[in-house]
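# Descriptive structure summary
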Amino acid sequence: MWRSYFLLAVLSGCVNPVSGYSNGKVSVACGDMVPQHGYEPSPEPPPFSITVDKSTVSSEDNITVSLQVASSKPMFFRGFLIEARDAGKLNSPAVGFFILTDPLESQLLLCGHTQVWGSLLDTTTVEGAQEDRLSCLWKKTPHLLESQGSAVSHRRSTKKTHLQAVWKPPKYPPQRVQFLVTVVHEYKVYWVRIAGPVVSLSGATAVPSTAVPAPTSSPSALSTPFSSAGCGHNKSCLRDPPDCQPESDHHCFFLSFTPDLQGSSVMFELSGPAEGYVSFALSLDKWMGNDDVYLCVSDGGRVTISAAHITGRTHPEQEIQDDLWSRAWRLADGVIQCRFHRNTVLPQLENRFSLNQSYFLFLAHGRSHQGSIHKHDQQPLISTNQKLITGHPEDLFGSRSPLLIKFHGVLMLTVWMWTVSTAVLIARHYKHLWPDTTLLGQRLWFQLHRIMMVLAVLLTAVAFSLPFIYRRGWSKRAGSHPYVGCTVMALAVIQPIMAVLRSAPESPRRIIFNWMHFAAGTAGHILAGGSDSEDKENILFAQLETQQHERISKFKKMVLVVFIVGNTGFLAAFIKAIASV
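The structure contained in this document is the topic of the report that follows. (Residues numbered from 1 in each chain as written. Predicted model: local features only at pLDDT ≥ 70, side-chain atom pairs only at ≥ 80, totals over all residues. Heavy atoms only, no water.)

## Some remarks on the overall build of the chain
- The helix and strand inventory of the chain stands at 10 helices and 28 strands.
- Every one of the 581 residues in the chain was classed for burial, and the buried ones make up 48%.
- Here the contacts in the chain between residues at least 6 apart in sequence split such that 68% fall between residues at least 24 apart.
- Looking at the chain as shown, the accessible area adds up to about 28500 Å², and 60% of this sits on carbon and sulfur atoms. (Helix = DSSP H or I, 4+ residues; strand = E, 2+ residues; numbered from the N terminus. Buried < 20%, exposed > 50% of the residue type's maximum accessible area, 1.4 Å probe, protein only. Contact = heavy atoms within 4.5 Å. Areas by Shrake-Rupley, 256 points an atom, 1.4 Å probe, with all protein chains shown as cover.)

As structure tokens, this is what we get:
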């Protein structure tokens, strides 16, 4: 009671003549933080950022909150409104108290509080009187005023590029607090509820991890791009290319997740260049299907953040979105970025995975039309190993090529680039190199040719089956590749069948086999991606026929060695490239 009388006495001595003005009088906007200007907020990414000097504090600590221009172009702001809210209930009133560091450019506001001094001030209805009394209160009783201002706004409409205030947690703070800011550049140009950092408060009363916040607010706009700082130390990250920097590399696909101190919720950040959407999924295996999916979809200059579930290889089915909170997004330079929080356990939602388990992480992107997504543009990035979402921070690695597909590529390259090419070279140009040398009753060149070709058919059959095993059937969206593969497999099988049924060398029908054998082999070699240098070799060896047999034999041996060594080197380089994908 004594405090009420004291405040009343102070207010009585602070009454000044009333003059109407609107600078900083934004208490009516405390709830939705929308300026009463009669215009829509700017759809462009905000050129401002809000930062804090600490990410974790106790209830006794103070936090310095900074609002500054984040654009490389000349920029300024005239007005602003900064609030701190429960990160799990962004529609709830502002929490904590601000302390001014620059009373000439900023002022304290009442947002959501019912303290006695606030009710006394709110009885004034004439615009400008409350600000004058606050100014007088600041001069006479700053220690009381500092403990009562739940929001900070501008005092004058001067051009500003940087401003600071100090925030103090309330007596009973929530577990997480997020700072929000509305910034006015000009009367018609402003940004609403720019999402700032989330601060964890140690010593706060724990909220059961099964509690599901139910905010209804739309996602806020992020002021700055995500950063890879802290990957492997403070948060787990999955990036493609590895070690890319999302804040500077516009081709970087980036996923990070950070559990809170109590392990009751996790913050996810997703970023990547895409025409329509970026997404990630939690999966128990490396097969797409029965996964927990999260989507950030570009829609009309904004980004919608949603959760979905995939059953088999079907289109994602949308899930209830109320379990995603503190949603924020950014859309700039063709890069989609989004951030959201999710409780670790959602027992009432059977299709939503518990984050206390280990999963493979899928990272995908693709096109969208009017908010509806299409199939991802390329193979998703899949983490190499499973990761406990609430576990220790790690810098994760992944691949867009599953192991079975990698084996498919390695086998096809080995067969058609090395085995078949070598077998063809020996059959065409080395028949007379070892005329008296035999192997198991047959001439050496013929046995080498036959062994390599049989091996080629077997390895092609294995390589041919791997994509079907991975896709679990025929892929309707793989273009012409499956049809080419089937043709190559058919030609590979036809070759040994024709060889078994061939006529004797002296038979007049032998020429039919020769041409069919040549045509099928050449077609298969070309379709499989191999290259045949037959014409160059024929020219070379036609010139050599006029030379002595010894020199020809010696040169042919050298050519064969160079061919095999060169092909082996190229094959090793290609296999290394496949392994690194």
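Let us keep going from here.
## Thoughts on the side chain of His 154
- Within the fold, His 154 resides in strand S7 (residues 151-154).
- We classify His 154 as buried; its relative accessible area is 10%.
- One polar contact links His 154 to Ser 153, side chain to side chain, over a distance of 3.3 Å. (Polar contact = N/O pair within 3.5 Å; in protein donor to acceptor, adjacent residues only side chain to side chain.)

## What about helix H6 (residues 444-471)?
- With 28 residues, H6 extends 42 Å from end C-alpha to end C-alpha; this agrees with the ideal 40 Å at 1.5 Å per step.
- Turning to H6, its buried residues number three or more, namely Leu 444, Trp 445, Phe 446, Gln 447, His 449, Met 452, Ala 456, Val 457, Thr 460, Ala 463, Leu 466 and Tyr 470.
- A positive backbone phi angle near 60° is found at Arg 472, which sits one or two residues after H6. (Expected span 1.5 Å × (residues − 1).)

## Side note on the state of the cysteines
- Here the structure, examined in full by the defined rule, presents three disulfides.
- Here Cys 296 pairs with Cys 338 through a disulfide, and the sulfurs are 1.6 Å apart. Disulfide Cys 296 to Cys 338: torsion about the S-S bond roughly 55°, handedness right-handed. Of this pair, Cys 296 sits in strand S16 (residues 291-299) while Cys 338 is found in strand S20 (residues 335-343), placing the two residues 42 residues apart along the sequence. For the pair Cys 296 and Cys 338, one class covers both residues: buried. (Disulfide = S-S within 2.5 Å.)

## Considerations on the environment of Pro 41
- With respect to the helices and strands, Pro 41 occurs in the loop between helix H1 (2-12) and strand S1 (48-52).
- Linking Pro 41 and Val 184, residues 143 residues apart in sequence, is a C-alpha distance of 9.4 Å.
- Each residue touching Pro 41, except ones within four places of it in the same chain, is listed here: Tyr 190 and Val 192.

## Considering the sheet that holds strand S3 (residues 63-69)
- The sheet built from four strands is open, its strands ordered S1-S3-S8-S5 with antiparallel pairing. At either end of the open sheet lies a strand with only one pairing partner, and these are S1 and strand S5 (97-100). Sheet twist, expressed as the mean angle between neighbouring strand axes with direction ignored, is 30°.
- Of the pairings in the sheet, the one linking S3 to strand S8 (residues 162-168) comprises six bridges and is antiparallel in character. Its bridge partner being in S8, Ile 63 is matched across the sheet by Trp 167. (Pairing = 2+ DSSP bridges. Axes fitted to C-alpha atoms, helices over the stretch in contact; angles between N-to-C directions.)

## Some thoughts on the pairing of strand S15 (residues 277-283)
- Counting buried positions along S15 yields seven of seven residues, so the element is predominantly enclosed.
- Residues Tyr 277, Ser 279, Ala 281 and Ser 283 point to one face of S15 and Val 278, Phe 280 and Leu 282 to the other, with burial holding for every one of them.
- Judged from the seven bridges that link them, S15 and strand S21 (residues 358-369) form a sheet pairing that is antiparallel. Among the inter-strand pairings, Ala 281 is bridged to a residue of S21, identified as Phe 362.

## Quick notes on the pattern of salt bridges
- Taken as a whole, this structure holds 14 salt bridges when the rule is applied.
- For Lys 160, the salt bridge identified is with Glu 105, shortest N-O distance 3.9 Å. Here the residue Lys 160 occupies a position in the loop between S7 and S8, and Glu 105 occupies one in the loop between S5 and strand S6 (106-109), the gap between them amounting to 55 residues. For the pair Lys 160 and Glu 105, a shared accessibility class is recorded, and that class is buried.
- Between Asp 323 and Arg 352 there is a salt bridge; the shortest N-O distance is 2.8 Å. One end of the pair, Asp 323, is in the loop between strand S18 (317-318) and strand S19 (324-332); the other, Arg 352, is in the loop between S20 and S21, and 29 residues separate them in sequence. Here the two residues Asp 323 and Arg 352 agree in accessibility, since each one is buried.
- Bridged by salt links that share partners, the residues Asp 292, Asp 323, Arg 342 and Arg 352 form one connected network. (Salt bridge = Lys/Arg side-chain N within 4 Å of Asp/Glu carboxyl O.)

## Details of the pairing of strand S22 (residues 372-376)
- Pairing analysis gives three bridges linking S21 to S22, with the strands arranged antiparallel. The partner of Gly 366 across the bridge, within S22, is His 376.
- Taking the residues that link successive antiparallel strands as the turn, the S21-S22 hairpin has two residues, and the phi of Gln 370 there is positive, at about 55°.

## Side note on the sheet that holds strand S2 (residues 56-58)
- Read across the sheet, six strands follow the order S2-S10-S9-S4-S7-S6 without closing on themselves; strand pairing throughout is mixed. Strands at the two margins of the open sheet, each flanked by one partner only, are S2 and S6. Along the sheet, successive strands turn relative to each other by an average axial angle of 30°, direction set aside.

## Examining the environment of Ile 512
- Along the chain, Ile 512 turns up in helix H8 (residues 510-527).
- Owing to a relative accessible area of 47%, Ile 512 belongs among the partly exposed residues under this scheme.
- Along the sequence, Ile 512 and Arg 502 sit 10 residues apart, while their C-alpha atoms lie 9.0 Å from each other.

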